[in-house]
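# Geometric and topological summary
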Amino acid sequence: AAPSAGSGQEALRGLAGELREACRGVGFHFVTGHGIPEALIERAVQAADAFAALPIDVKNKYLMDAGTYPGGTGFLPVHNKKLPKRPKGNVCQAFIVKRELGRRNISLDDMPWPAELGQDFRKAVEEYAAAVEALSSRMLPAYAVALGEDADYFGA
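Heads up: these notes are all about the structure in this document.

The rules we used
Note on numbering: residues in each chain are counted from 1, in written sequence order. For this predicted model, a pLDDT threshold of at least 70 governs which residues receive local features, and a threshold of 80 or more governs which side-chain atom pairs are given and counted, while totals over whole chains, interfaces and linings are taken from all residues. The side-chain numbers reported here are obtained from all heavy atoms of the structure, hydrogens and water having been left aside. By the criteria applied, helices consist of DSSP H or I runs no shorter than four residues and strands consist of E runs no shorter than two, each listed in order from the N terminus. Burial classes follow relative accessibility: with a 1.4 Å probe on protein chains only, a residue under 20% of its type's maximum area counts as buried, one over 50% as exposed, and anything between as partly exposed. Residue contacts follow a heavy-atom distance rule, with two residues in contact if any of their heavy atoms lie within 4.5 Å. To be clear on the numbers: accessible area is Shrake-Rupley with a 1.4 Å probe, and residue cover counts the displayed protein chains and nothing else. Charge counting follows a simple rule: Lys and Arg are positive, Asp and Glu are negative, and His as well as the terminal groups are ignored. For the purpose of locating charges, the reference atoms are NZ of Lys, CZ of Arg, CG of Asp and CD of Glu. The patch calculation keeps residues exceeding 30% relative accessible area without a salt bridge and links them within 9 Å when they carry like charges or within 5 Å when they are nonpolar (Val, Leu, Ile, Met, Phe, Trp, Tyr). Salt bridges are counted wherever a side-chain nitrogen of Lys or Arg sits within 4 Å of a carboxyl oxygen of Asp or Glu. The axes are straight lines fitted to the C-alpha atoms, using for helices just the contacting stretch, and the angles between their N-to-C directions are given from 0 to 180°. Angle categories are assigned with fixed cut-offs, so that under 35 degrees is roughly parallel, over 145 is roughly antiparallel, 65 to 115 is roughly perpendicular, and the rest are oblique. Crossing handedness is defined as follows: a turn of the near helix away from the far one that is anticlockwise and smaller than a right angle gives a left-handed crossing, while the clockwise case is right-handed. Amino acids outside the nonpolar list (Ala, Val, Leu, Ile, Met, Phe, Trp, Tyr, Cys, Pro) and the charged list (Asp, Glu, Lys, Arg) are all regarded as polar, and Gly is one of them. Space inside and on the surface of the protein is sampled on a 1 Å grid over the protein atoms alone, with a cavity defined as a set of points where a 1.4 Å probe fits but cannot get out and a pocket as an open set with protein on both sides within 12 Å along at least 5 of 7 lines; lining residues have an atom within 4 Å of a point. Grid points are joined across faces, edges and corners, and a volume is the space filled by probe spheres set on the points.

## A look at the overall build of the protein chain
Counting its regular elements, the protein chain contains four helices and two strands. Expressed along its principal axes, the backbone C-alpha trace of the protein chain runs to roughly 55 × 35 × 30 Å. The burial tally for the protein chain puts 30% of its 156 residues in the buried class. Taking the intrachain contacts of the protein chain between residues at least 6 apart in sequence as the baseline, contacts between residues at least 24 apart amount to 46%. Here the protein chain displays about 10,000 Å² of accessible surface, and carbon together with sulfur accounts for 56% of that area. Side-chain charges of the protein chain comprise 18 positive and 19 negative groups, with the mean position of each set lying 8 Å from the other.

Shown next as structure tokens:
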């Protein structure tokens, strides 16, 4: 379960141990009790489905690394060998958006938002991204402790 504002040090150490075990033993984990409303998740899924349903020629207008938008964003088609670079192609398509603070200072305003899907698509993606970013920030102390660092190691 995701840590909450009231989580004590014992709970944080327990979660960190679970994360460490999952990442070393399995290689991934699921987060439960994250607090992201189901309705928001459903809107994000609907947005992803709407993009997936677009004709390939429309999706190709937003092809990753082919426009004036930031590198690593846009449409990533099936069989692409990016993210990470690899010899075998991926087996799913994706529409990648990102926000980066710091030197590159990438904003969601810089993304190649598909005009064909209108503002509802963008709003659903931005709201979901904000919720996941907030969850990620809450998780940083647990990851730090799982790595053997102080809880504030990542500045969270």
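## Details of a nonpolar patch on the surface
Side chains of Val26, Phe28 and Phe30 sit close together on the surface and give an oily, nonpolar patch of about 390 Å² of accessible area. Positionally, Phe30 belongs in the loop between helix H1 (9-25) and helix H2 (38-52).

## Looking at the packing of H1 against helix H4 (residues 118-146)
In a pair of packed helices, the angle between the axes and the distance between the axes together describe the arrangement. Interhelical geometry of H1 versus H4 gives an angle of 70 degrees and a closest axis separation of 8 Å. Taken together, the axis directions place H1 and H4 in an arrangement best described as roughly perpendicular. In terms of crossing hand, the pair formed by H1 and H4 is right-handed. Contact with H1, carried on its side by Leu12, Arg13, Leu15, Ala16, Leu19 and Arg20, involves Met139, Pro141, Ala142, Tyr143, Val145 and Ala146 of H4 and no other residues of that element. Among the residues forming the contact of H1 with H4, the class breakdown is ten nonpolar, no polar and two charged.

## Describing the side chain of Thr73
In this structure, Thr73 sits in the loop between helix H3 (56-59) and strand S1 (74-76). Dropping the residues within four chain positions of it, Thr73 is found in contact with Met64, Asp65, Ile96, Lys98, Met111 and Pro112.

## Details of the layout of surface pockets
If you add up the space inside the largest pocket, you get close to 460 Å³. Looking at the largest pocket, it is lined by 21 residues, and the ones nearest its centre are Phe95, Ile96, Val97, Val125 and Tyr128. Within the residue set of the lining of the largest pocket, elements represented by two or more residues are H2, strand S2 (94-96) and H4. Per element, the largest residue contribution to the lining of the largest pocket is seven residues, and it comes from H2. For the lining of the largest pocket, a count of residues per class yields 17 nonpolar, one polar and three charged.

## Some details on unusual backbone geometry
Positive phi outside glycine occurs at Asp65, with the angle close to 65 degrees. Following the sequence through the fold, Asp65 ends up in the loop between H3 and S1. Its identity is not glycine, yet His79 carries a phi of approximately 75 degrees, on the positive side. Here His79 lies in the loop between S1 and S2.

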